[in-house]
Amino acid sequence: MAHKHKTRKRRKDETLAAALDIGGSKISCFIARVHEEEDFAPQAEIVGVGCYGAPAPARGPASAEAIETGVRNAVEAAERMAGEHVGRLIVAVPGRHLRARRIGVDLEIAGGVVAQEDVDDSLAEGLKIATPPDCAPLHALPVGFKLDGEEGLGDPVGLTGGVLSTQMFAVGARQSYLDNLADLIERCDLKVADFAAAPYAAAEAVLLEDEKELGVVLIDIGAASTGFAVYDNGALVECGGAPVGAGHITRDIAQIFGAPLVHAERIKTLYGSALIGPGDEHRFIDFPQLGVQGESVRASRADVSEVILPRLEEIFELVCEQLPNDGMRRSGLRRAVLTGGGSLLVGAREVAERSLGMKSRLGRPAAIAGSPEAVSAPGFAVCAGLVQHYANLDENSESGLGLLRQSPHAGARSSVLGNVEAWLRAKF
């Protein structure tokens, strides 16, 4: 039977959050304690971290049993460090499984002055049509408002006008994928408290507010896939992913030089670069041959770079193809931020600048109180962002002007439509 989960909001007495990121080469879990004080924004403190790496990160899709083992180990490690037991997790959904769309809703203003109830009505109406077909909603975010066709209003409450137009951006994922992922988590004696889009989470951890305002694309290069999130005028305007990641570079090295995957990954990590440096033609690496004991092949670092570069260019080209094609918005994108484990590959930033035509930088998660220095690496951006996403939720998050959140995943079973109707009844 398919699992449908109702919207869950953080209660005031719930202070513990557990975040899970199931990646292609590792599974990470953060446990955070959320501190709330009156008149202050909630603050998260990392109290537990667990990470379970696959022995061969580029072997292709892992089995359900391997993922279950990884989840159990990562969560148990985080629990031991935290001295706490968690039963529910916020789980990241990779960019390649996301479906997004932009919609607009027009609402006549009966009294001639926009009230908060009008904004809530407009958002609620948009929520009913925001999710792409055959998908469950993860996020629905207001992008902007117009009043009688006038743009750039910010918060429209209190302004005079006849028609309020709300632009929204909705992110969803296939219900079947979420159900399967929830089933897997339940086999580990855990529950899904919420799902969140991995690129959105990484962006929350890595991007600066000025970057979001001026226009930026966040590119999260994982082992199995690459996610991206585009911000413009402070709002998320595109989100998705490509089914190619740093693990494909490892496979290319293994195939071309005939080496075992584990050794190819080690060579990529220690010596790999997308740039050919002076003298690299004369710096050699020995590749043990797959299935032939004691035999090796020697290749130069320049040879390895010539294998890495085309695949890295392909990753950025696939992302570029999915960027918003609106002329004004596309011309406004001048900056890219790279994160994820694959972003640490030497030369990745330079290749991104050449492929995308944008200034780029390496994005590391912003420091969270209590977090070990090791988890400030780009590969932990998603988990860090999930914790911040949880901390920013509050009792009124569905009707706020920042993040309109409507997630159907939280343990009890009901239809998505039923969730929307229940939410509308509660609000109106």
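First, a word on scope: everything that follows refers to the structure included in this document. Please read these numbers as outputs of a predicted model, since none were measured by experiment.

## Quick look at the packing of helix H1 (residues 64-82) against helix H3 (residues 175-187)
Closest axis-to-axis distance for the H1/H3 pair is 9 Å, and the angle between their directions is 55 degrees. Overall, the two elements H1 and H3 adopt an arrangement that is oblique. H3 is crossed by H1, and the crossing has right-handed handedness. Residues Ala64, Ile67, Glu68, Val71 and Arg72 of H1 touch H3, and the partners they reach there are Leu184, Ile185 and Arg187. The class makeup of the residues in the contact of H1 with H3 is five nonpolar, no polar and three charged.

## Observations concerning the sheet that holds strand E2 (residues 26-35)
One open sheet accounts for five strands, arranged E3-E2-E1-E4-E8; its pairing is mixed. Looking at the sheet topology across the chains shown, the edges are occupied by strand E3 (43-53) and strand E8 (191-197). Adjacent strand axes in the sheet meet at a mean angle of 25 degrees, parallel and antiparallel pairs treated alike. Bridge count for strand E4 (residues 88-93) against E8 is six bridges, and the pairing is parallel. By the bridge assignment, Val91 is partnered in E8 with Phe195. Contacting strand E1 (16-22), E2, E3 and E4, H1 crosses the sheet at an angle of about 140 degrees to E3. Strands in contact with H3 are E1, E4 and E8; relative to E8, the strand with the most contacts, it is inclined by about 140 degrees.

## Considering the side chain of Ser300
Examined against the element boundaries, Ser300 turns out to sit in strand E13 (residues 296-300). Residue class for Ser300 comes out buried when judged on its relative accessible area of 4%. If sequence neighbours within four positions are ignored, Ser300 has contacts with Asp280, Glu281, Arg283 and Phe284.

## A short note on H1
With 19 residues, H1 extends 27 Å from end C-alpha to end C-alpha; this agrees with the ideal 27 Å at 1.5 Å per step. Restricting attention to buried positions, one finds in H1 the residues Ile67, Glu68, Gly70, Val71, Ala74, Val75, Ala77, Ala78, Glu79 and Ala82. Where the residues of H1 are buried, they touch E1, E2, E3, E4 and H3. Downstream of H1 by one or two residues, Gly83 has phi in the positive range, about 70 degrees.

## A closer look at the pairing of strand E7 (residues 163-174)
For E7, the buried fraction is high: nine of the 12 residues fall into the buried class. Taken together, the 11 bridges between strand E5 (residues 98-108) and E7 define a ladder with antiparallel strand orientation. Directly across from Arg99, in E7, lies its bridge partner Gly172. Here 11 bridges tie strand E6 (residues 135-147) to E7, and the two strands are oriented antiparallel to one another. Across the sheet, the residue bridging to His139 is Val171, located in E7.

The rules we used
Residues numbered from 1 in each chain as written. Predicted model: local features only at pLDDT ≥ 70, side-chain atom pairs only at ≥ 80, totals over all residues. Heavy atoms only, no water. Axes fitted to C-alpha atoms, helices over the stretch in contact; angles between N-to-C directions. Helix = DSSP H or I, 4+ residues; strand = E, 2+ residues; numbered from the N terminus. Parallel < 35°, antiparallel > 145°, perpendicular 65-115°, else oblique. Left-handed = near helix turned anticlockwise from the far one by under 90°. Contact = heavy atoms within 4.5 Å. Nonpolar A, V, L, I, M, F, W, Y, C, P; charged D, E, K, R; others polar. Pairing = 2+ DSSP bridges. Buried < 20%, exposed > 50% of the residue type's maximum accessible area, 1.4 Å probe, protein only. Expected span 1.5 Å × (residues − 1).

Purely spatial values, then, with no claim about function.
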